[in-house]
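# Structural features, examined
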Amino acid sequence: MSPRVGPTGPLSRDRIVTAAIELADRDGLDAVSMRRVAEYLRTGPASLYRHIAHRDELVTAMVEHVTAAFDYPDPAGLDWRECMHVLARQDWTAFLTHPWLLTATTTVTPPFGTASLAAMEWALTALGELRLPPHEAARAIMTINNYVQGTARVVLGQPREGAEPDPGRSWQDRLHDTDLRSFPRLRTLIAEPLPDGDRNWFEDGLDVILDGVQARRRGEQR
């Protein structure tokens with residue numbers, strides 16, 4: 001699609017948001033401005049302001065659009081760990097599909113709308129069976145979110161050819177020919193073969209966090 005040819009049809013808030021997402025997917029969040037989106041839609045910036053007041057509102061609407069596209073399952077049908085895997089995998093997929101989300105959601109005042117708040121409510125509901133104090137449940141969700149964001153940044157920083165790159169294997173390959181005689185523990189780690197075939201490294205890392213959440217639950221119940 002040419003950068004000056006956007007979706008057809010009457011101008012609307014949804015068309016504006018969709019065009020902004022397409023621009024961000026292609027060129028990054030910094031490329032999104034009211035002027036650039038107007039050019040993409042082959043209209044003038046003034047016409048956009050009838051639907052969206054300013055860029056911050058546009059970015060919030062973009063995050064909401066992506067968040068609302070995922071339908072979280074009924075947490076009553078899953079245990080809390082399964083729910084946290086659903087939450088993490090959804091965020092992971094969103095970040096890899098729309099890398100600009102990493103910038104949009106890691107500001108001091110991240111954009112929150114109805115869809116984002118509903119996702120947070122879903123996660124807190126899923127953790128209800130642990131009977132954690134609210135601040136402990138929120139801390140667990142925040143830690144999971146930070147883990148997903150961090151691993152997404154690592155993966156997005158590597159060449160992607162086909163399947164998702166395994167950061168552990170990439171790290172091992174990078175240090176394979178490095179002289180590590182002064183670092184015996186690191187040398188042992190790099191020399192240790194990783195399991196053959198595909199690893200669920202993302203889920204394995206998440207389970208380390210969830211094991212900690214479960215341990216804190218036991219601590220709270222003492």
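This one's a predicted model, so the numbers in the text were calculated from it and none came from an experiment.

### A closer look at the overall build of the protein
From N to C terminus, the protein includes 11 helices and 0 strands. Shown N-terminal to C-terminal, the secondary structure of the protein runs as helices and strands in the order α-α-α-α-α-α-α-α-α-α-α. Every one of the 222 residues in the protein was classed for burial, and the buried ones make up 37%. For the protein, long-range pairs separated by at least 24 residues make up 70% of all intrachain contacts whose partners lie at least 6 apart in sequence. A total accessible area of about 13,100 Å² is found for the protein, and carbon and sulfur atoms account for 53% of it.

### Some points on the packing of helix α4 (residues 55-68) against helix α7 (residues 114-126)
When two helices pack together, their arrangement is captured by the angle between the axes and the distance separating the axes. Contact pair α4 / α7: the axes reach a minimum separation of 7 Å and the direction vectors enclose 45°. Taken together, the axes of α4 and α7 lie oblique to each other. Contacts from Val63, Glu64, Thr67 and Ala68 of α4 reach α7 at Thr114, Ala115, Ser116 and Ala119.

### Remarks on the UniProt feature "DNA-binding region" (unreviewed entry) in the protein
Residues annotated by UniProt as "DNA-binding region" (unreviewed entry) correspond here to residues 33-52. In this annotation, residues 33-52 is assigned 55% helix and 0% strand; the end-to-end C-alpha distance for the span is 12 Å.

### Remarks on the layout of surface pockets
By rolling a water-sized probe across the atoms, one finds the places where empty space is left. The space that makes up the largest pocket amounts to roughly 680 Å³. The set of elements that each furnish at least two residues to the lining of the largest pocket consists of α4, α5 (80-97), α7 and α8 (134-156). Split into classes, the residues belonging to the lining of the largest pocket amount to 17 nonpolar, 7 polar and 1 charged.

### A word on the pattern of salt bridges
All told, the structure shown has 10 salt bridges when counted by the stated rule. For Glu57, the salt bridge identified is with Arg13, shortest N-O distance 2.8 Å. With Glu57 in helix α4 and Arg13 in helix α1 (residues 13-27), the pair connects residues that are 44 residues apart, well separated along the chain. With its nearest N and O atoms 2.8 Å apart, the salt bridge here joins Glu39 to Arg35. Taken as a pair, Glu39 and Arg35 lie in helix α2 (residues 34-40) at a separation of 4 residues, close to a single helical turn. In this structure Arg35 comes out as partly exposed when scored by relative accessible area, which is 47%. The structure contains a network of salt bridges with shared partners spanning Arg26, Asp27 and Arg36.

### Comments concerning unusual backbone geometry
Even without glycine at this site, Arg42 takes up a positive phi of about 60°. With respect to the element layout, Arg42 can be found in the loop between α2 and α3 (45-48). At Arg131, a position not held by glycine, the phi torsion is positive, near 55°. Topologically, Arg131 is positioned in the loop between α7 and α8. You can call Arg131 exposed: its relative accessible area is 73%.

### Remarks on the confidence of the model for the protein
Per-chain confidence: the protein averages 85 in pLDDT, with 84% of residues scoring 70 or above. Within the protein, helix α9 (residues 167-175) has the poorest average pLDDT of any element, 72, and α1 the best, 96. Low pLDDT, under 50, characterises residues 1-7; the stretch is placed with 17 contacts to residues that sit more than four places away or in other chains.

### Let's talk about the packing of α1 against α4
Running from N to C, α1 and α4 point in directions that differ by 85°, and their axes come no closer than 9 Å. By the angle between their axes, α1 is roughly perpendicular relative to α4. Taking contact as the criterion, the partners of Arg13, Asp14, Ile16, Val17, Thr18, Ala20, Ile21 and Ala24 in α1 are, on α4, Glu57, Leu58, Ala61, Met62, His65 and Val66. Tallied by class, the residues present in the contact of α1 with α4 amount to 9 nonpolar, 2 polar and 3 charged.

### Quick look at the side chain of Glu64
With respect to the helices and strands, the residue Glu64 is situated in helix α4. No salt bridge is formed by the buried Glu64, whose closest oppositely charged neighbour, Arg13, lies at an N-O distance of 8.6 Å. Within polar-contact distance, the side chain of Glu64 engages the side chain of Ser116 at 2.7 Å. Every residue in contact with Glu64, bar those within four places of it in the chain, is listed here: Phe112, Gly113, Thr114, Ala115 and Ser116.

Cut-offs applied
Residues numbered from 1 in each chain as written. Predicted model: local features only at pLDDT ≥ 70, side-chain atom pairs only at ≥ 80, totals over all residues. Heavy atoms only, no water. Helix = DSSP H or I, 4+ residues; strand = E, 2+ residues; numbered from the N terminus. Buried < 20%, exposed > 50% of the residue type's maximum accessible area, 1.4 Å probe, protein only. Contact = heavy atoms within 4.5 Å. Areas by Shrake-Rupley, 256 points an atom, 1.4 Å probe, with all protein chains shown as cover. Axes fitted to C-alpha atoms, helices over the stretch in contact; angles between N-to-C directions. Parallel < 35°, antiparallel > 145°, perpendicular 65-115°, else oblique. UniProt positions renumbered as here; feature names shortened; annotations may be inferred. 1 Å grid on protein atoms, 1.4 Å probe; cavity = no way out; pocket = protein on both sides within 12 Å on 5 of 7 lines; lining within 4 Å. Points joined across faces, edges and corners; volume = space filled by probe spheres on them. Nonpolar A, V, L, I, M, F, W, Y, C, P; charged D, E, K, R; others polar. Salt bridge = Lys/Arg side-chain N within 4 Å of Asp/Glu carboxyl O. pLDDT = per-residue confidence, 0-100. Lys, Arg positive; Asp, Glu negative; His and termini not counted. Polar contact = N/O pair within 3.5 Å; in protein donor to acceptor, adjacent residues only side chain to side chain.

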